Amino acid sequence: MKPQKLLLLLTCIFPLIFIGSIEAAPAAGKSSLTMGDAINKAGRQRMLSQRIVKAYALVGQKVMLSANIQLRDSIKLFEKQLAELTDFAATDEERKGSSTF
């Protein structure tokens, strides 16, 4: 596959993964994350997004078929952490909202 076609494919499909992840993220009860934990998770999300793109490109070009496992595991972890961060954001907004008068 030509690099231009792969780049076009990644720019079209990769956002769909994130949109699906955001909509599928369950909102749980109270968040046990601190602000520092949330910042660390957000940094890991950035790293995971890069790992997902790399693994997707390796699988798509049939360079490293074992990258399929890394792709699947990275997406699972990304979705799990996204749910935790979404829950933290909702809880943080509730705390700010209840303290503001």
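Quick caveat: nothing in here was measured; it's all calculated off a predicted structure.

**Student:** Just checking my understanding: could you explain the pattern of salt bridges for this structure?
**Tutor:** When the charged atoms of two side chains lie near each other, side chains of opposite charge can form a pair. With the rule as written, the count across this model stands at 3 salt bridges. A salt bridge links Glu 84 to Lys 41; the shortest N-O distance between them is 2.7 Å. On the criterion of sequence distance, the pair formed by Glu 84 in helix H3 (residues 67–99) and Lys 41 in helix H2 (residues 35–60) is long-range, its members being 43 residues apart. Assessed through its relative accessible area of 23%, Glu 84 is described here as partly exposed.

**Student:** When you look at the side chain of Ser 49 in this model, what are you seeing that I'm missing?
**Tutor:** In this fold, Ser 49 is placed in helix H2. A polar atom in the side chain of Ser 49 sits 2.7 Å from the backbone oxygen of Arg 46.

**Student:** What's the story with H2 in this structure? I'm lost.
**Tutor:** Side chains three or four residues apart in an α-helix point the same way, a direct result of the helix having 3.6 residues per turn. Compared with the 38 Å implied by 1.5 Å per residue over 26 residues, the 37 Å span of H2 between its first and last C-alpha is a close match. Of the positions making up H2, those classed as buried are Ala 38, Lys 41, Gln 45, Leu 48, Ser 49, Ile 52, Ala 55, Ala 57 and Leu 58. Lys 62 sits one or two residues past H2 and shows a positive phi near 55°.

**Student:** Got a minute to help me understand unusual backbone geometry in this structure?
**Tutor:** Apart from glycine, the bulk of residues carry a negative phi angle, and the bulk of peptide bonds sit in the trans form. One non-glycine residue, Lys 62, lies in the positive phi region at around 55°. For Lys 62, the position within the fold is in the loop between H2 and H3.

**Student:** Help me understand the environment of Val 53, please; the structure alone is not making it clear to me.
**Tutor:** Secondary-structure assignment places Val 53 in helix H2. On the basis of relative accessibility, which here comes to 28%, the residue Val 53 falls in the partly exposed class. Remark: the alpha-carbon pair of Val 53 and Leu 71, spanning 18 residues in sequence, is separated by 8.3 Å.

**Student:** So what exactly am I meant to see when it comes to the confidence of the model for the protein here?
**Tutor:** Interpreting fine coordinate detail is not advised for predicted regions of low pLDDT. Residues with a pLDDT of 70 or more make up 61% of the protein, whose mean pLDDT is 78. Ranking the helices and strands of the protein by mean pLDDT puts H2 first, with 95, and helix H1 (residues 3–24) last, with 53. For the stretch residues 22–28, pLDDT sits under 50, and the model shows 6 contacts to residues farther than four places along the chain or on other chains.

Scoring rules and cut-offs
- Residues numbered from 1 in each chain as written.
- Predicted model: local features only at pLDDT ≥ 70, side-chain atom pairs only at ≥ 80, totals over all residues.
- Heavy atoms only, no water.
- Salt bridge = Lys/Arg side-chain N within 4 Å of Asp/Glu carboxyl O.
- Helix = DSSP H or I, 4+ residues; strand = E, 2+ residues; numbered from the N terminus.
- Buried < 20%, exposed > 50% of the residue type's maximum accessible area, 1.4 Å probe, protein only.
- Polar contact = N/O pair within 3.5 Å; in protein donor to acceptor, adjacent residues only side chain to side chain.
- Expected span 1.5 Å × (residues − 1).
- pLDDT = per-residue confidence, 0-100.
- Contact = heavy atoms within 4.5 Å.

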